[in-house]
Amino acid sequence: MTSSTNSTYLDYQLYAGNMAKSLNRVASEPTVKSAQAYYTANIGKVKTADDFLNNYKLFSYAMQASGLKDMTYAKAFMRKVLTSDLSDSSSFVNKLTDPRFKDFAEKFSFTTKGTATSALAAQSTTQQSRTIALYTAKAGSSIDATLATAYYQSNIGSVKSVQDLESNSQLLDYVMTAYGLDGNTIENGSLTASTAAGNDLAAALESDPSDPGSVANQMAAGVADTSNIPLVVQSAANQEATSTAYSNTYGRTTDLIHYENTIGTVHSLDSFLADPKLVSVAGQAYGLDTSSYSTTDMKRILSSNLDDPYSVANMLGSKAVAFAKAFSFATSADTTSPYTALSQDFNFDTNGKAASIRTAQATVDIANTETLYMSKAKSDKVSQAAAKSETTYYTTAIAGVKTLDDLLSDSRMVSYIKTAYGFDPKTSTTTLRQILTSDLTNPKSVANQMGTAARRLTESFNISKTGTLERSSTGAQSAKSVQAMNDAYLETTLEDEAGDQSAGVKLALYFQNKVTTGAVTSAYSILADSALLKVVQTALSIPSSTSNQDIDTQANRINSRLKLSDLQNPAKMKSFISQFATLYDLANTSSNSDTITTLFG
């Protein structure tokens, strides 16, 4: 190792002054291009942790990208890292003080048994809960309904295809009821692939709910034919409630009998309003004089948004609201079309097979986004409390995102993302849309043109080039994780090349990268990384001998002299690096320069 004849700061600026150009230069090197091409082409073939560890080209690439090159020999140790339960605070990787190992484990999807995650199921636990809630709302809580729910919970896990669902009459009836679909379309207890209804149901289940042009969304919009699986305009529970309310006042009249025999065959608002007896019975049941309203007015009442206090039904009062609630015509802000809800709550691919769930962000990416956000919050109690409150909101809200529009229409989530990834608060949602839908393999895409922060934002979300949500990974790594690994490989390779000329430049680049990616969250994260600690000790003139002191004492000393939030300010970061470089050059000559292996090993 030799020390640069120039100043560390000037050499650092040669790299950091135009980081995109520096990284592009590294990416064009033949050996780098070959290594990246091999990793991208072969990581998807990995089925177990042992497959990965025994493929030296893949494993060494990932270790280099993660700053763990000097641990490549320790395969047994790294197997424990990769197969640790990240959610268990007492697991092997969570007990390690060096945060790089947990970061490494988070980049992969291996189970504790060492197999690549294969989250293929018709429904997740959350999706099952939604289906059960919909069923209970429509069927009530009778003994029969409770038994039906118990059967559904016990058997939905065995469904591996649309055909499995359609051929099980009990499960199918449960789903049809839950989503307000007409059970009369079931032939002989099941929907087979040969029936039109079966084909239409399969098409809806196999749809991408985040794609406006999918079959389910076309059905919801009234573009596609829904005659084969029409909606039920009134649930069984509401039919019974309407009949009871009417008969309590008027008795069992011929009009009521007509209502009970006919309402099940009605599948649209227009057909309901076309039968005066149906309208009259329902109106009288809820004390609403329907004869005083025109057909247009009745449409407005029954299709009112009941979450809107100024909607027609709400303006007319409680009787109109009760009348509207008795049917499936009324809408609310969080109501989704039954066809779209059906496609959202099941995970079937275009071939009708159980697949992984579509999600805006993988769990690890949510955690990383939250880490980035919290790293930018001020350290005082008020700021920390506010940041934790926003983080709690983000955790809940991101789980409910079904489309890119869901994400971008939520101002709190948008603000959170901008802060986390270091964007100007004035960045428009149009720009964010362009970033999130960027093709990272295209150097001319918006994210690539905007630089590192934009690329990291794109990599963190499962959003396709067309703006639809992609499925979560079912292998060792998702496509976005592979891209992130490739980016990290370029960064660490650049750092190594800089280190061949100057240990100080490598340290400065490494420190900047760790701060940018949110790895520097506290004084303790600095103390856990010898390279980060070297930078901080040098810049703050803290003697290296203090490393022998109690860790809390060391942390307090760093906190008293450095505000980590200042490092998020580009000008203050530049000043800090300059201070480090100056003091590093004063303390180091070619004869006593630090050993990179010691700091980064």
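Above this text you will find the structure in question.
Conventions adopted
- Residue numbers restart at each chain and count upward from 1, following the sequence in its written direction.
- Where totals are concerned, whole chains, interfaces and linings use all residues; where local detail is concerned, this predicted model gives features only for residues with pLDDT of at least 70, and gives and counts side-chain atom pairs only at 80 or more.
- Excluding hydrogens and water, the side-chain figures rest on all heavy atoms present in the structure.
- In this description a helix means any DSSP run of H or I spanning at least four residues, a strand means any run of E spanning at least two, and both kinds are numbered starting from the N terminus.
- Each residue's exposure class comes from its accessible area (1.4 Å probe, protein chains only) as a fraction of the maximum for that residue type: buried when under 20%, exposed when over 50%, partly exposed otherwise.
- We call two residues in contact whenever any of their non-hydrogen atoms come within 4.5 Å of each other.
- We get accessible surface area from the Shrake-Rupley algorithm with a probe of 1.4 Å; when it comes to residues, only the shown protein chains can shield them.
- Charge assignment: positive for Lys and Arg, negative for Asp and Glu; neither His nor the chain ends contribute.
- Lys charges are placed at NZ, Arg charges at CZ, Asp charges at CG and Glu charges at CD.
- Two aromatic rings from Phe, Tyr or Trp, using only the six-membered ring of Trp, form a pair when their centres are within 6.5 Å; if the ring planes differ by under 30 degrees the pair is stacked, by over 60 it is edge-to-face, and anything between is tilted.
- Helix axes are fitted only over the stretch in contact, all axes being lines through C-alpha atoms; the angle between N-to-C directions runs from 0 to 180 degrees.
- Convention used here: angles under 35 degrees read as roughly parallel, angles over 145 as roughly antiparallel, angles from 65 to 115 as roughly perpendicular, and any remaining angle as oblique.
- Left-handed is the label given to a crossing in which the near helix is rotated counterclockwise from the far helix by less than a right angle, and right-handed is the label when the rotation is clockwise.
- Three categories are distinguished: nonpolar for Ala, Val, Leu, Ile, Met, Phe, Trp, Tyr, Cys and Pro, charged for Asp, Glu, Lys and Arg, and polar for the others, with Gly belonging to the last.
- How far a helix is expected to stretch is found by multiplying one less than its residue total by 1.5 Å.
- Within this document, salt bridges are pairs made up of a side-chain nitrogen of Lys or Arg and a carboxyl oxygen of Asp or Glu, the two lying within 4 Å of each other.
- Polar contacts, as used here, are pairs of N or O atoms within 3.5 Å; protein pairs need one atom able to donate a hydrogen and one able to accept it. Residues neighboring in sequence count only if both atoms are side-chain atoms.
- Nonpolar cores were defined as sets of buried Ala, Val, Leu, Ile, Met, Phe, Trp, Tyr and Cys residues, with membership established by side-chain atoms within 4.5 Å.

A few points about the overall build of the protein
Part 1 of the argument: When helices and strands are tallied, the protein shows 36 helices and 0 strands.
Part 2 of the argument: Each principal axis of the C-alpha atoms in the protein carries an extent, and together these give about 105 × 50 × 45 Å.
Part 3 of the argument: Counting every position in the protein, which comprises 601 residues, the buried fraction comes to 47%.
Part 4 of the argument: Long-range contacts, defined as pairs at least 24 residues apart, comprise 64% of the intrachain contacts of the protein with a sequence gap of at least 6.
Part 5 of the argument: Within the structure as shown, the protein displays about 28000 Å² of accessible surface, and the carbon and sulfur contribution to it stands at 51%.
Part 6 of the argument: Mean positive and mean negative side-chain charge positions of the protein (49 and 56 charges, respectively) differ by 8 Å.

Overview of the packing of aromatic side chains
Part 1 of the argument: For the structure on display, the rule yields 23 aromatic pairs.
Part 2 of the argument: Taken together, a centroid distance of 5.3 Å and an interplanar angle of 75° make the contact between F77 and F92 edge-to-face. In this pair, F77 is assigned in helix α6 (residues 75-82) and F92 in helix α7 (residues 92-95), connecting sequence segments 15 residues apart.
Part 3 of the argument: Their ring planes at 50° and their centres at 4.8 Å tell us that F272 and F327 sit as a pair that is tilted.

A closer look at the packing of α6 against helix α8 (residues 99-106)
Part 1 of the argument: With their axes 9 Å apart at the nearest point, α6 and α8 run at an angle of 65° to one another. Classified by the interaxial angle, the pair formed by α6 and α8 is roughly perpendicular. The element α6 and its partner α8 pack so that their crossing is right-handed. Residue-level inspection shows F77, M78, V81 and L82 of α6 in contact with α8, the latter providing F101, F104 and A105.
Part 2 of the argument: Per-class residue counts for the contact of α6 with α8 are 7 nonpolar, no polar and no charged.

Some details on helix α23 (residues 363-375)
Part 1 of the argument: Between its first and last C-alpha, α23 extends 18 Å over 13 residues, near the 18 Å set by a 1.5 Å rise per residue.
Part 2 of the argument: Within α23 the residues assigned to the buried category are D365, I366, T369, E370, L372, Y373 and S375.
Part 3 of the argument: The elements touched by buried residues of α23 are α24 (381-399), α26 (411-420), α29 (452-460) and α31 (503-516).

Section: unusual backbone geometry
Part 1 of the argument: The backbone of S541 shows a phi angle near 55°, a positive value even though the residue is not glycine.
Part 2 of the argument: Relative to the assigned elements, S541 resides in the loop between α33 (530-539) and α34 (551-561).

A closer look at the pattern of salt bridges
Part 1 of the argument: Taken as a whole, this structure holds 18 salt bridges when the rule is applied.
Part 2 of the argument: Note that E390 is salt-bridged to R412, the shortest N-O span being 2.8 Å. Residue E390 is found in helix α24, and its partner R412 is found in helix α26; the two are separated by 22 residues along the sequence.
Part 3 of the argument: Its salt-bridge partner being D405, residue R433 comes within 2.6 Å of it at the nearest N-O pair. Residue R433 is located in helix α27 (residues 429-436), and its partner D405 is located in helix α25 (residues 404-408); the two are separated by 28 residues in the primary sequence.
Part 4 of the argument: Note on R433: relative accessible area 34%, which makes it partly exposed.

Here's the deal with the environment of K572
Part 1 of the argument: Among the secondary structure elements, K572 is positioned in helix α35 (residues 570-587).
Part 2 of the argument: Reaching out from K572, the side chain makes a polar contact with the side chain of D566 at a distance of 3.4 Å.

Things to note about the environment of Q501
Part 1 of the argument: Mapped onto the elements of the fold, Q501 is located in the loop between α30 (479-499) and α31.
Part 2 of the argument: Given a relative accessible area of 47%, Q501 falls into the partly exposed group.
Part 3 of the argument: The spacing of Q501 and T8 is 493 residues in sequence and 9.8 Å in space, taken between C-alpha atoms.

Considerations on the packing of helix α15 (residues 236-250) against helix α16 (residues 254-262)
Part 1 of the argument: Interaxial distance between α15 and α16 falls to 11 Å at its minimum, and their mutual angle equals 180°. What the angle tells us is that α15 and α16 run roughly antiparallel. Between α15 and α16, the residues in contact are T242, S243, Y246 and S247 and D255, L256, Y259 and E260, respectively.
Part 2 of the argument: Here the contact of α15 with α16 is built from residues that sort into 3 nonpolar, 3 polar and 2 charged.

Considering α24
Part 1 of the argument: Between its first and last C-alpha atoms α24 spans 27 Å; for 19 residues at 1.5 Å apiece the expected length is 27 Å, and the two agree.
Part 2 of the argument: Turning to α24, the residues buried within the fold contact α23, α25 and α26.

Topic: the environment of I551
Part 1 of the argument: Within the fold, I551 resides in helix α34.
Part 2 of the argument: By relative accessible area, which is 43% here, I551 ends up partly exposed.
Part 3 of the argument: As for I551 and L527, which are separated by 24 residues in sequence, their C-alpha atoms are 7.9 Å apart.

Structural notes on the nonpolar core
Part 1 of the argument: Counting residues in hydrophobic clusters, the biggest one holds 70 residues, and the most contacted among them are Y39, F52, M78, F104, F108, F511 and F576.
Part 2 of the argument: Looking at which element gives the most residues to this core, the answer is α31, with 8 residues.
Part 3 of the argument: Beyond its immediate chain neighbours, meaning those up to four positions away, F52 contacts I43, V46, L58, F59, A62, L82, F104, F108 and F110.

Digging into the side chain of S438
Part 1 of the argument: Assignment of secondary structure puts S438 in the loop between α27 and α28 (446-450).
Part 2 of the argument: S438 gets classed as buried once you look at its relative accessible area, which sits at 8%.
Part 3 of the argument: Polar side-chain contacts of S438 include one of 2.7 Å to the backbone oxygen of Q434.
Part 4 of the argument: Apart from the residues within four sequence positions on either side, S438 is in contact with S445, V446, A447 and T458.

Without other data, these values stay purely geometric and don't point to any function.
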